[in-house]
Amino acid sequence: KRRPEFPFLDEEREDLVLIHRLKKGNLFFAMNPTEHPLTVFYRFGEFFEEKAWITAGWREQEDGICWESIPDRKEYFTAVLPPHGSTLLFLTQEPLREEPGNLWDLDA
């Protein structure tokens, strides 16, 4: 059974990263536990065999949180995470057409 991994747990860093390898893709979670905004940059090739991934996840908008799938393959993720903010991404080789009803659907 696969378990989530904390790739930087043995390093002194301001961010917290969790990855989970699934049969149909991967979950990537990054969190800023600090009291200040934090600029983050991650290359997916550091964590997974494939370098480029199609990303999907949730993002905040004026009218709430929405699901967003970006069809272009990306080799990295960069963002400014607000204090105590986080991001959760699905990384797949095939586009996700709709929001999964369950996070573990990708492991079926």
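Residues numbered from 1 in each chain as written. Predicted model: local features only at pLDDT ≥ 70, side-chain atom pairs only at ≥ 80, totals over all residues. Heavy atoms only, no water.

**Q** Pulling in residues and values, what's your account of the nonpolar core?
**A** In this structure, Phe28, Tyr42, Phe44, Phe47, Phe48, Phe77 and Leu91 are the most contacted members of the largest nonpolar core, which totals 16 residues. Those elements that place two or more of their residues in this core are strand E1 (16-22), strand E2 (25-31), strand E3 (38-43), strand E6 (76-81) and strand E7 (86-92). The greatest single-element share of this core, amounting to 3 residues, is contributed by E3. With residues near it in sequence (within four places) discarded, phenylalanine 77 still touches Phe28, Val40, Phe41, Tyr42, Phe44, Thr87 and Leu89. In terms of nonpolar packing, the next biggest core, distinct from the first, is built from 6 residues, Leu22, Leu27, Ala56 and Phe90 among them. (Core = buried A, V, L, I, M, F, W, Y, C linked by side-chain atoms within 4.5 Å. Buried < 20%, exposed > 50% of the residue type's maximum accessible area, 1.4 Å probe, protein only. Helix = DSSP H or I, 4+ residues; strand = E, 2+ residues; numbered from the N terminus. Contact = heavy atoms within 4.5 Å.)

**Q** Describe in detail the environment of arginine 43, supporting the description with residues and values.
**A** Within the fold, arginine 43 resides in strand E3. For arginine 43, a relative accessible area of 44% gives the class partly exposed. Counting along the chain gives 31 residues from arginine 43 to lysine 74, while the straight-line C-alpha distance between them is 9.1 Å. With residues up to four places along the chain from it excluded, the contact list for arginine 43 reads Glu75 and Tyr76.

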